[in-house]
Amino acid sequence: MNTDNTTTTKNYDVVVIGGGAAGLATIASLLKRQPSLKIALAEPSDQHYYQPGWTLVGGGVFKQASTVKNMADLIPAAVTWYKSAAASFQPELNQVVLQDNSTLSYRALVVAMGLKLDWSAIPGLADNLGQHGVTSNYAPGLAPYTWQLVQQLQQGTAIFTQPPMPIKCAGAPQKAMYLSCDHWLRHHVLKNINVHFCSAGAAIFGVADYVPALQQYVKKYAINLNLQTNLIALDASSQTAYFRQTQADGSSKDIEKHFDMLHVTPPQVAPDVLRQSLLADNAGWMNVFPDTLQHQQWPNVFALGDCANTPNAKTAAAVRKQAPVVAENLIKLLTNKPMQAVYDGYGSCPLTVERGKIVLAEFLYGGKVEPTFPKWLVDGTKPSALSWFLKEKMLPPLYWYAMLKGHEWLATPSYRDDLPQDRHQKNQLK
Ligand SMILES: Cc1cc2nc3c(=O)[nH]c(=O)nc-3n(C[C@H](O)[C@H](O)[C@H](O)COP(=O)(O)OP(=O)(O)OC[C@H]3O[C@@H](n4cnc5c(N)ncnc54)[C@H](O)[C@@H]3O)c2cc1C
């Protein structure tokens, strides 16, 4: 990997914005198909996080260190790394300007910059993370504090919150709760702890097939389920959380709850630089076709991962399937051939309902259940020890050594030769 800190305009075949799961997986899939591509990556962070591991850090199963690697060690040698954030997009000029003032021009752009955790949307939250019993597995480095709180709590009230959708890994707020409850149950203190799940949503999980199994665990752990109950503010010093609850008649009521432990999942929005650009839809997300992942207005721009407006579950599992689709279609675009690779909306959410068992939710666009394994091996709607083994032992190496290295295990794209022709016409390079 080269680094470049000069500020003149540089030309590349492909510029990738963001070196998270989606950016690095796409780079690997591009280079696997066409090693000669001249690729630049803009990524400000020194560290790359395996975020799906943070649930297990918060549950005392993984160490935080196992979820972090140096960015420099993961970027392929052929790629030029700009250690700077994208500051503005200029799709009409085929350019991106970075915070360090470098201008990168491209034949094709891949935007994979993730989403923004909007801590400041909840007054009293940002400054109190990591103290007064306030934690979040979503905050880089804070999952060990979750585990510390879980071990310390012997009695009192524990609240787990979930904001309005979209959020990444929609099951993660309750995964943290179930693993905490499992620990308290095993240590005979659960009976002394009042557990509340306060979710802005109207259902415990968005895909109905998985709800019965989750409801059983809600019952087993005697969890107080507060749906349509959204965290709106926090007074950490008095350990008070404030919620707005939607009533049956549509009116809303503000309520407050004392807590001894509060696990917050923050509201999640599109990154500011994206929201303010010509690439965003009305809600601020990258406006791409859900099948080809090509931008709806700018043909030589693609997006995947958490920043895209595709209606799939925002997960690394989705990225695993999306990256080969973007790589295939982008190379077709550069060679003036019609695009054929399509993403079907696959996403997966391994719900850690107890230590050693997982309800493995896997589904496509529209919530259509799509299990990877035959039902006799893994019935995703039931708690399964094999699914836990997969999550704990198989998925981390799959991520580091397959997905980020261009080995597209269980990620072969499907192809269609009937994609709308008007889009194909727009795909021709000038
Ligand atoms: C607690 C938790 C549990 C999860 N559990 C699971 C799970 O069990 N299974 C699963 O599949 N997924 C899970 N996920 C979700 C998964 O981690 C994300 O969906 C995935 O990381 C998305 O990849 P991404 O590349 O889009 O975003 P990220 O991996 O977040 O990467 C975005 C990158 O863009 C960079 N960036 C930001 N702004 C800029 C800019 N202006 N310019 C350039 N670069 C920029 C960032 O530094 C970062 O490196 C979980 C996430 C969390 C937080």
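In this convention, every chain numbers its residues from 1, walking through the sequence in written order. Since the coordinates come from a predicted model, pLDDT governs what is reported: local features require at least 70, and pairs of side-chain atoms require 80 or more to be given and counted, while whole-chain, interface and lining totals use all residues. Neither water nor hydrogens contribute to the side-chain values; these are computed over all heavy atoms in the structure.

Labelled according to an unreviewed UniProt entry, the protein chain appears under the name NAD(P)/FAD-dependent oxidoreductase, originating from Alishewanella maricola.

Participant: I keep staring at the pattern of salt bridges and nothing clicks. Help me out?
Facilitator: Two side chains that carry opposite charge are able to pair once their charged atoms sit near each other. Note on definitions: salt bridges are taken to be side-chain nitrogens of Lys or Arg within 4 Å of carboxyl oxygens of Asp or Glu. On inspection of all chains with the given rule, the structure shows 12 salt bridges. Notably, a salt bridge pairs Glu370 with Lys368, separated by 3.8 Å at the nearest N-O pair. Lys382 is the partner of Asp379 in a salt bridge, and the nearest nitrogen-oxygen pair spans 3.4 Å. Relative accessibility decides the category of a residue: with a 1.4 Å probe and only protein chains considered, values under 20% of the type maximum give buried, values over 50% give exposed, and everything between is partly exposed. On the basis of relative accessible area, Asp379 is assigned to the buried category, the value being 18%. Sharing partners across several salt bridges, the network here consists of Arg33, Glu328 and Glu408.

Participant: Just checking my understanding: could you explain the nonpolar core for this structure?
Facilitator: A general feature of soluble globular proteins is that nonpolar side chains tend to end up buried together. To qualify as a nonpolar core, a set must consist of buried Ala, Val, Leu, Ile, Met, Phe, Trp, Tyr and Cys residues joined through side-chain atoms within 4.5 Å. If you look at the biggest cluster of nonpolar residues, it comprises 67 residues, and the most contacted ones within it are Val14, Ile39, Phe89, Leu109 and Val111. With 11 residues, helix 8 (residues 316-334) is the single largest residue contributor to this core. In terms of nonpolar packing, the next biggest core, distinct from the first, is built from 60 residues, Tyr221, Phe259, Ala270 and Ala361 among them. Helix and strand assignments come from DSSP, with helices taken as H or I runs of at least 4 residues and strands as E runs of at least 2, each series counted from the N terminus.

Participant: Help me understand the domain arrangement of the protein chain, please; the structure alone is not making it clear to me.
Facilitator: Much of the literature gives interface size as the accessible area that the parts lose upon coming together. Reported domain spans reflect what an automatic or database domain assignment gives. By the assigned domains, the protein chain splits into domain 1 (2-115 + 271-345) and domain 2 (117-268). Measuring from the centre of the C-alpha atoms in domain 1 to the corresponding centre in domain 2 gives 31 Å. Residue contacts follow a heavy-atom distance rule, with two residues in contact if any of their heavy atoms lie within 4.5 Å. The partner domain 2 presents 18 residues to the 15 residues of domain 1 that form the contact. Once two parts are brought into contact, the accessible area they lose, counted with a 1.4 Å probe and summed over both, makes up the buried area. Note on domain 1 versus domain 2: buried area summed over both sides is about 1400 Å², and carbon and sulfur give 67% of it. Across the contact surface, domain 1 and domain 2 share 0 salt bridges. Polar contacts, as used here, are pairs of N or O atoms within 3.5 Å; protein pairs need one atom able to donate a hydrogen and one able to accept it. Residues neighboring in sequence count only if both atoms are side-chain atoms. Linking domain 1 to domain 2 there are 2 residue pairs in polar contact (both at pLDDT 80 or more). By residue number, the principal contributor to the side of domain 1 that touches domain 2 is helix 2 (residues 54-58), which donates 5 residues. Grouping the constituent residues of the side of domain 1 that touches domain 2 by class yields 6 nonpolar, 7 polar and 2 charged. Ten residues, namely Ala, Val, Leu, Ile, Met, Phe, Trp, Tyr, Cys and Pro, are considered nonpolar, four, namely Asp, Glu, Lys and Arg, are considered charged, and the remaining ones, Gly among them, are considered polar.

Participant: Can you walk me through the UniProt feature "transmembrane region" (unreviewed entry) in the protein chain in this structure?
Facilitator: UniProt positions are given in the numbering used here, feature names are shortened, and annotations may be inferred rather than shown by experiment. Feature annotation in UniProt assigns "transmembrane region" (unreviewed entry) to the following positions: residues 12-31. In residues 12-31, helix accounts for 55% and strand for 30%; the two terminal C-alpha atoms are 14 Å from one another.

Participant: Teacher, can you tell me more about the pairing of strand 8 (residues 95-98) here?
Facilitator: Here strand 8 shows two buried faces, one formed by Gln95 and Val97 and the other by Val96 and Leu98. In this analysis, strands are considered paired if DSSP registers two or more bridges between them. Pairing analysis gives 4 bridges linking strand 7 (residues 86-90) to strand 8, with the strands arranged antiparallel. Each residue of the ladder has a partner; that of Phe89, found in strand 8, is Val96. Of the pairings in the sheet, the one linking strand 8 to strand 9 (residues 103-111) comprises 3 bridges and is antiparallel in character. Note on strand 9: the bridge partner recorded for Val96 is Leu104.

Participant: Sorry, what's going on with the sheet that holds strand 15 (residues 229-235) here?
Facilitator: Strand-to-strand pairing in sheets goes through backbone hydrogen bonds, with the strands running parallel or antiparallel. If you walk across this open sheet you meet the 3 strands as 15-16-17, and the pairing is antiparallel. The sheet is open, and its two edges are formed by strand 15 and strand 17 (252-258), each paired on a single side. When the angles between neighbouring strand axes are averaged without regard to direction, this sheet yields 25°. With 6 bridges connecting them, strand 15 and strand 16 (residues 240-246) associate as antiparallel partners. Helix axes use the C-alpha atoms of the stretch in contact, all axes being lines fitted to C-alpha atoms, and the angles between their N-to-C directions lie in the range 0 to 180 degrees.

Participant: I tried to follow the packing of helix 5 (residues 172-186) against helix 6 (residues 211-220) on my own but got confused; where do I start?
Facilitator: Two measures define how a pair of helices packs: the angle their axes make with one another and the distance between the axes. In the contact formed by helix 5 and helix 6, the axes pass within 11 Å of each other and the chain directions differ by 40°. Our classification of the angle between helix 5 and helix 6 gives oblique. Of the two possible hands of crossing, helix 5 and helix 6 adopt the one that is left-handed. Residue-level contacts link Gln174, Tyr178 and Leu185 of helix 5 to Leu214, Tyr217, Val218 and Lys220 of helix 6. Oblique is the label for any angle not covered by the other classes, which are roughly parallel (under 35 degrees), roughly antiparallel (over 145) and roughly perpendicular (65 to 115). Throughout, a crossing is termed right-handed when the near helix is turned clockwise from the far one, and left-handed when it is turned anticlockwise from it by less than a right angle.

Participant: Before we go on, may I ask you to explain empty space enclosed by the protein in this structure?
Facilitator: The gaps of empty space that remain are located by a probe, the size of a water molecule, rolled over the atoms. Points on a 1 Å grid, built from protein atoms alone, make a cavity when a 1.4 Å probe fits but cannot get out and make a pocket when they are open with protein on both sides within 12 Å along at least 5 of 7 lines; residues with an atom within 4 Å of a point are the lining residues. Grid points are joined across faces, edges and corners, and a volume is the space filled by probe spheres set on the points. Within the structure shown, the criterion is met by 5 cavities of 30 Å³ or more. Estimated volume of the largest cavity: approximately 50 Å³. Forming the walls of the largest cavity are Ala25, Ser29, Arg320, Ala323, Pro324, Met403, His407, Glu408, Trp409 and Ala411. For the lining of the largest cavity, the element with the most residues is helix 8, which contributes 3 residues. When grouped by side-chain class, the residues that make up the lining of the largest cavity number 6 nonpolar, 2 polar and 2 charged.

Participant: Just to check I follow, could you spell out the site of the ligand for this structure?
Facilitator: Taken together, 33 residues lie near the ligand, and Ala22, Glu43, Ala86, Lys175 and Ala317 sit nearest. Take Thr315: an N or O atom from its main chain is 3.4 Å from an oxygen atom of the ligand. Note on areas: Shrake-Rupley, 1.4 Å probe, and residue coverage restricted to the protein chains presented here. Coverage of the ligand by the protein chains reaches 89% of its 990 Å² of free accessible surface. Going through the elements one at a time, helix 1 (21-33), helix 5 and helix 8 are the ones with two or more residues in the shell around the ligand. Residue composition of the shell around the ligand, by class: 17 nonpolar, 10 polar and 6 charged. A domain-level breakdown of the shell around the ligand finds at least three residues from each of domain 1 (2-115 + 271-345) and domain 2 (117-268). Here a residue counts as near a molecule or strand whenever at least one of its heavy atoms sits within 4 Å of it.

Participant: Would you take a moment to explain the UniProt feature "domain: FAD/NAD(P)-binding" (unreviewed entry) in the protein chain for this structure?
Facilitator: Under the present numbering, the feature "domain: FAD/NAD(P)-binding" (unreviewed entry) in UniProt falls on residues 12-133. Note that residues 12-133 is 18% helix and 32% strand, and that its end C-alpha atoms are spaced 48 Å apart.

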